[in-house]
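Residues per chain, in single letters:
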Amino acid sequence: MAAVLGKLSNALLIGLALLVLAIVGFHGGFIGSDAGAWTQGFLRVVHVWAGILWIGLLYYFNFVQIPTMPAVPAELKPGVTKYIAPKALLYFRHGSLLTLIAGLGLAGGYLVEALTFAEGYRVIGMGMWLGIIMAFNVWFLIWPNQKIALGIVEADADAKAKAAKTAMIFSRTNFVLSFPMLYGMIGHGHISPV
Ligand code: HEM
């Protein structure tokens, strides 16, 4: 068992196989019936999966890494800054991109209505704008500053400290925005499409 699940690629494949089993088991009878609904369903699963990847890592940074780093002894810090954080940021930023693309695809026919807060699309419009702002923060503020702070690009100690602070502030901003953003996501389909 450990030999199989010890490899991340194996675990991913098993997870995907179980997903297909669940789809066929629960909705297999509908396969081939409505291509539009299947595309929506596919985008929905991808969107929520990628959203968990992204926001899960955002919460890891905010609940675990940022508050714990000051207590990590100096000689151990490179374990985080050189190994763990770059890998976490890799999945974090690509998770945000996949969430954004699948989310825009999901909105499909009502994209303009949502982004302009038309009646019936205001709550999802709020969620989408917050998600878009958060994805922007990831790619254009957090990641460029993290590259400096983690030493992926050359910079002096002052620039590194400043970049770490900026990255932290925008990571916290996204943490704060994630609460109303999630409400916007579920509010449209599960509470009331106001
Ligand atoms: C990045 C920008 C994002 C955009 C443009 C976006 C867009 C959308 C759209 C259009 C829907 C469909 C709403 C509906 O018709 O019911 C949706 C649903 C949803 N989104 Fe997002 N989203 C974004 C970010 C996120 C993030 C970060 C998460 C975190 C997990 C998330 C989680 C969800 C959930 C749970 C649903 C409800 C799915 C359902 O109940 O069927 N979204 N999103």
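None of the values given here were measured: they were computed from a predicted structure.

(A) Structural context of the overall build of the protein chain. Looking only at helices and strands, the protein chain features seven helices and zero strands. When the helices and strands of the protein chain are read in sequence order from the N terminus, they spell out α-α-α-α-α-α-α. Taken over 194 residues, the protein chain has a buried fraction of 22%. Once local pairs closer than 6 in sequence are excluded, the contacts in the protein chain between residues at least 24 apart make up 74%.

(B) Quick peek at unusual backbone geometry. Residues other than glycine seldom take positive phi values, yet phenylalanine 117 does so here, at roughly 55°. Secondary-structure assignment places phenylalanine 117 in the loop between helix 5 (111–115) and helix 6 (122–149). The exposure class assigned to phenylalanine 117 is partly exposed, which follows from the 13 C-beta atoms found within 10 Å.

(C) Examining the environment of isoleucine 169 more closely. For isoleucine 169, the location among the structural elements is in helix 7 (residues 157–190). Sequence separation of isoleucine 169 and leucine 141 is 28 residues, and the distance between their C-alpha atoms is 9.7 Å.

(D) Examining the nonpolar core more closely. With 28 residues, the main nonpolar core has Trp54, Leu57, Leu58, Phe92, Ile124, Met134 and Val138 as its most contacted residues. Mapped by element, the contributors of at least two residues to this core are helix 3 (35–68), helix 4 (77–107), helix 6 and helix 7. With 11 residues, helix 6 is the largest single contributor of residues to this core. In contact with leucine 58, other than residues within four places in its own chain, are Phe92, Ser171, Asn174, Phe175 and Ser178.

(E) View of helix 6. End to end, helix 6 covers 38 Å across 28 residues, agreeing with the expected 40 Å (1.5 Å per residue, within 8%). Along helix 6, the sharpest kink reaches roughly 40°, centred on valine 138. Looking one or two residues past helix 6, glycine 151 carries a phi angle of roughly 80°, positive in sign.

(F) Up close: the environment of leucine 100. By secondary structure assignment, the location of leucine 100 is in helix 4. For leucine 100, a count of 22 C-beta atoms within 10 Å gives the class buried. When residues no more than four places from it in sequence are discounted, the contact partners of leucine 100 are Gly131, Ile132 and Ala135.

(G) Representation of the site of the ligand. Neighbouring residues of the ligand: 24 residues in total, closest Gly51, Gly103, Gly131, Met185 and Gly189. Mapped onto the shell around the ligand, the elements with two or more residues apiece are helix 3, helix 4, helix 6 and helix 7. Counting residues per element, the shell around the ligand draws most heavily on helix 3, at seven residues.

(H) Layout of the domain arrangement of the protein chain. Looking at the protein chain, the domain boundaries give domain 1 (1–33) and domain 2 (35–190). Computed from C-alpha coordinates alone, the two centres of domain 1 and domain 2 are separated by 26 Å.

(I) Representation of the packing of helix 4 against helix 6 in the model. Contact pair helix 4 / helix 6: the axes reach a minimum separation of 10 Å and the direction vectors enclose 155°. Between helix 4 and helix 6, the interaxial angle falls into the category roughly antiparallel. Crossing angle aside, the handedness with which helix 4 passes helix 6 is left-handed. Mapping the contact onto sequence places Leu89, Phe92, Arg93, Ser96, Leu100, Gly103 and Ala107 in helix 4 and Met128, Gly131, Ile132, Ala135, Val138, Trp139, Trp143 and Gln146 in helix 6. Residue composition of the contact of helix 4 with helix 6, grouped by class: 10 nonpolar, four polar and one charged.

Thresholds, definitions, all that
- Residue positions are given per chain, counted from 1 along the sequence in the order it is written.
- Local features in a predicted model are, by the rule used here, given only for residues with pLDDT of at least 70; side-chain atom pairs are given and counted only at 80 or more, and totals for whole chains, interfaces and linings are based on all residues.
- Strands are runs of DSSP state E lasting at least two residues, helices are runs of H or I lasting at least four, and both sets are numbered from the N terminus onward.
- Counts of 20 or more other C-beta atoms within 10 Å of a residue's own C-beta define buried residues, counts of 12 or fewer define exposed ones, and intermediate counts define partly exposed ones; C-beta atoms are placed from the backbone.
- The contact rule is simple: place each C-beta atom from the backbone, and if two of them lie within 7 Å, those residues are in contact.
- A set of buried residues drawn from Ala, Val, Leu, Ile, Met, Phe, Trp, Tyr and Cys, joined through C-beta atoms within 7 Å, is what defines a nonpolar core.
- What a helix should span is 1.5 Å times the count of its residues minus one.
- Note on bend: at a given residue it equals the angle between the axes fitted to the 7 residues ending there and to the 7 starting there.
- Here is the check we use: build the C-beta atom from the backbone, and if it is within 6 Å of the molecule or strand, call the residue near.
- Bear in mind that the domain bounds are from an automatic or database domain assignment.
- Fitted lines through C-alpha atoms give the axes, limited to the stretch in contact for helices. The angle between two N-to-C directions lies from 0 to 180 degrees.
- Angles below 35 degrees are treated as roughly parallel, those above 145 as roughly antiparallel, those between 65 and 115 as roughly perpendicular, and all remaining angles as oblique.
- When the near helix sits turned anticlockwise from the far one by under a right angle, the crossing is termed left-handed; a clockwise turn instead gives a right-handed crossing.
- Side-chain classes follow a simple rule in which Ala, Val, Leu, Ile, Met, Phe, Trp, Tyr, Cys and Pro form the nonpolar group, Asp, Glu, Lys and Arg form the charged group, and the remainder, Gly included, forms the polar group.

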